[in-house]
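So the chains spell out like this:
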Amino acid sequence: MPRSLDPETVPAPGAAPRQTRRYAQKRDAILHAAAALINEAGVKGTTLADVARSVGLMTNSVTYYYRRKEDLAAACFLHTIGVLDGLVARAEGAPDGPARLARLLDLVVAHRAAMAAGEEPDIAVLNDVRALPAPQAESVFSAYNALFRRLRGWFDEDGLDRADRNARTHLLLSVMHSTRLWIHRYEPRDYAKAGARMADLLTRGMAAPGSGWRPGLLPETAPPEESEVSPEAFLRAATILINQQGYRGASVEKISGLLKVTKGSFYHHNDNKDDLVANCFSRSFAQIRAVQDAADAGGGSGWDRICTASATLVRSQLGPGGPLLRVTAFSALPEALRTETRRTMNRLTERFGLCLVDGMVDGSVRPLDAGIAAQLVSSMVNAAAELPAWVPGVTPDNAAELYARPLFLGLFAPAAR
């Protein structure tokens, strides 16, 4: 007669054995701990030893699950993409583009609320993918491209050409990613309201009736040409590399190599890389502030001023004076400097909000949530540096039409002709 079986040791039909469950649980704990560390220090600044300590394991125990740090980082990024793809899939059942967008943003902020409540682990921010070596980066880019194409299909029914669809898809993904930078200002119970207002802004735009897209582009000041490599050249080279490869991926050797100078020349102009990245932020902030000041000085309605400032900044991102340093470089800064840098960025974002409030007062901007709208404008401007990677053929001259215009008139508005 057979012995009775203990139901605690026998998996239910179709379930994984207990050992596999334990394996999956420990693997997921490592994955989530690594995501938090990558968000804080980037791929280059995260070690397997750091991850092991955070989950109470020895380093060689982590290598049982992920042989190399780069494998673990890639798994974190693929997990993030999988989460986003799942949210997109759930939103696709809505009847049309605006309804799908509203559903997606509702799901995105609900997921953020669950993370804020500790019900879901944080997911890795997709800022540092280019810091991965080729084999791991290729798998992540492949997955992200599939997500991008899936979302791009939402714009197929609107008679847009490929450049328009790509630009709007990149814009949608950019503002979704940037939500994590400002949503914490609200109570988690109010995240759904914030998501609904985002959806309203992205669907209907910001213009009051009669306000068209006619930005007055401001003159662009080209960087001075000098016979020797200038401090400005180092700042621009560092900004380009940090945007592409993260702070730790942009080594002194790479910055010097981009300018075709020696490391000695680097240290002749810069005390150290930490000071350089702080100066890169100062340079970017000065550029934003100067454009905002010039738009204000030019007068006009609140709508005119914010359209002019935004279009000019998007153009300059792709011009000889660009790019601006992505806000994703915040994690590279020391804590005290990071706090002050975030405060400055928030102040510049609030200046966009002031234009929107002025526009509501003078009737050129429709009634809207100026705080959230300003965050969307700031996110759009900041992400414009990546446009060439997603919109082949984009130029400084057409970037604002392709990218800024849909934010102000709505993602489903007809293309400019």
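The shown structure was predicted, so the numbers you read here are calculated from the model rather than taken from an experiment.

1. A closer look at the overall build of the protein
Along the protein, the regular secondary structure elements total 17 helices and zero strands. Projecting the C-alpha coordinates of the protein onto the three principal axes gives extents of approximately 90 × 60 × 35 Å. Between the mean site of the 48 positive side-chain charges and the mean site of the 45 negative ones, the protein shows a separation of 5 Å.

2. Structural notes on the side chain of Ser-284
Within the element layout of this structure, Ser-284 appears in helix H12 (residues 273-297). Take Ser-284: its relative accessible area is 2%, and that puts it in the buried class. Beyond its immediate stretch of four places on either side in the chain, Ser-284 contacts Leu-324 and Leu-325.

3. Re the UniProt feature "domain: HTH tetR-type" (unreviewed entry) in the protein
When the UniProt feature table is mapped onto this chain numbering, "domain: HTH tetR-type" (unreviewed entry) sits at residues 24-84 and 228-288. In the segment residues 24-84, helix accounts for 79% and strand for 0%; the C-alpha atoms at its two ends are 21 Å apart.

4. Focus: H12
Across its 25 residues, H12 extends 36 Å between first and last C-alpha, which sits within 8% of the 36 Å expected from 1.5 Å per residue. Downstream of H12 by one or two residues, Gly-299 has phi in the positive range, about 75 degrees.

5. Considering the domain arrangement of the protein
Here the domain parsing of the protein yields domain 1 (20-154) and domain 2 (155-416). The centre of domain 1, based on its C-alpha atoms, is set 25 Å off from the matching centre of domain 2. On the domain 2 side, the residues contacting the 35 residues of domain 1 number 37 residues. For the pairing of domain 1 and domain 2, the buried interface totals around 3,200 Å² over both sides, and the portion due to carbon and sulfur atoms is 66%. Area buried by domain 1 at its contact with domain 2 is led by Arg-130, Phe-148 and Arg-152, which between them contribute 21% of it. Our enumeration of links across domain 1 and domain 2 arrives at one salt bridge. A salt bridge links Asp-122 to Arg-180, with the nearest nitrogen and oxygen atoms 3.5 Å apart. The element contributing the most residues to the side of domain 1 that touches domain 2 is helix H5 (residues 97-116), with 13 residues. Taken together, the residues of the side of domain 1 that touches domain 2 break down into 19 nonpolar, six polar and 10 charged.

6. A short note on the side chain of Thr-46
Within the fold, Thr-46 resides in the loop between helix H1 (18-41) and helix H2 (48-54). Residue classification places Thr-46 among the buried positions, given a relative accessible area of 4%. Polar side-chain contacts of Thr-46 include one of 2.8 Å to the backbone oxygen of Gly-42. In this view, Thr-46 contacts Leu-37, Ile-38, Ala-41, Val-51 and Lys-69; residues no more than four positions away in its chain are not counted.

7. With respect to the environment of Gly-371
Within the secondary structure layout, Gly-371 lies in helix H15 (residues 370-383). Residue Gly-371 is classed as partly exposed on the basis of its relative accessible area, which comes to 24%. Taking C-alpha positions, Gly-371 is 9.0 Å from Leu-354, a pair spaced 17 residues apart along the chain.

8. Quick look at the environment of Gly-42
With respect to the helices and strands, Gly-42 occurs in the loop between H1 and H2. For Gly-42, a relative accessible area of 9% translates into the label buried. Separated by 89 residues in sequence, Gly-42 and Ala-131 place their C-alpha atoms 8.5 Å apart. Non-local contacts of Gly-42, meaning those with residues more than four positions away in its chain, are made with Leu-37 and Asp-128.

9. Description of the packing of aromatic side chains
Taken as a whole, this structure holds 12 aromatic pairs when the rule is applied. Considering the side-chain rings of Phe-234 and Phe-266, the 5.7 Å spacing of their centres and the 80 degrees angle between planes classify their relative orientation as edge-to-face. Taken together, the residues Phe-234 in helix H9 (residues 231-249) and Phe-266 in helix H11 (residues 263-269) connect sequence positions 32 residues apart. Residue Phe-234 shares its accessibility class with Phe-266, and that shared class is buried. Ring plane angle 90 degrees and centroid distance 5.8 Å describe the contact between Trp-303 and Phe-408, whose orientation is recorded as edge-to-face. Residue Trp-303 is located in helix H13 (residues 302-317), and its partner Phe-408 is located in helix H17 (residues 399-409); the two are separated by 105 residues in the primary sequence.

10. Quick look at the pattern of salt bridges
Applying the stated criterion across every chain, the model contains 22 salt bridges. Its salt-bridge partner being Arg-283, residue Glu-232 comes within 3.0 Å of it at the nearest N-O pair. Linking Glu-232 in helix H9 with Arg-283 in helix H12, this pair joins segments that are 51 residues apart in sequence. For Glu-232, a relative accessible area of 26% corresponds to the partly exposed category. Its relative accessible area of 7% is what places Arg-283 among the buried residues. Note that Lys-263 is salt-bridged to Glu-253, the shortest N-O span being 3.1 Å. Taken together, the residues Lys-263 in helix H11 and Glu-253 in helix H10 (residues 252-259) connect sequence positions 10 residues apart.

11. A few points about helix H8 (residues 191-204)
The first and last C-alpha atoms of H8 sit 20 Å apart over 14 residues, in line with the 20 Å expected at 1.5 Å per residue. Among the residues of H8, Tyr-191, Ala-194, Gly-195, Met-198, Ala-199, Leu-201 and Leu-202 are the ones counted as buried. An end-on view of H8 places all buried positions within 165 degrees of arc, on one side of the element. What points out from H8, more than 90 degrees from its buried face, is the exposed set Lys-193 and Arg-204. On its buried side, H8 packs onto H5, helix H7 (162-182), H15 and H17. Count one or two residues on from H8 and you reach Gly-205, which has phi positive near 75 degrees.

Conventions we followed
Residues numbered from 1 in each chain as written. Predicted model: local features only at pLDDT ≥ 70, side-chain atom pairs only at ≥ 80, totals over all residues. Heavy atoms only, no water. Helix = DSSP H or I, 4+ residues; strand = E, 2+ residues; numbered from the N terminus. Lys, Arg positive; Asp, Glu negative; His and termini not counted. Charge placed at Lys NZ, Arg CZ, Asp CG, Glu CD. Buried < 20%, exposed > 50% of the residue type's maximum accessible area, 1.4 Å probe, protein only. Contact = heavy atoms within 4.5 Å. UniProt positions renumbered as here; feature names shortened; annotations may be inferred. Expected span 1.5 Å × (residues − 1). Domains from an automatic or database assignment. Buried area = accessible area lost by both parts, 1.4 Å probe. Salt bridge = Lys/Arg side-chain N within 4 Å of Asp/Glu carboxyl O. Nonpolar A, V, L, I, M, F, W, Y, C, P; charged D, E, K, R; others polar. Polar contact = N/O pair within 3.5 Å; in protein donor to acceptor, adjacent residues only side chain to side chain. Phe/Tyr/Trp six-rings, centres within 6.5 Å; stacked < 30°, edge-to-face > 60°. Arc of directions from axis to C-beta.

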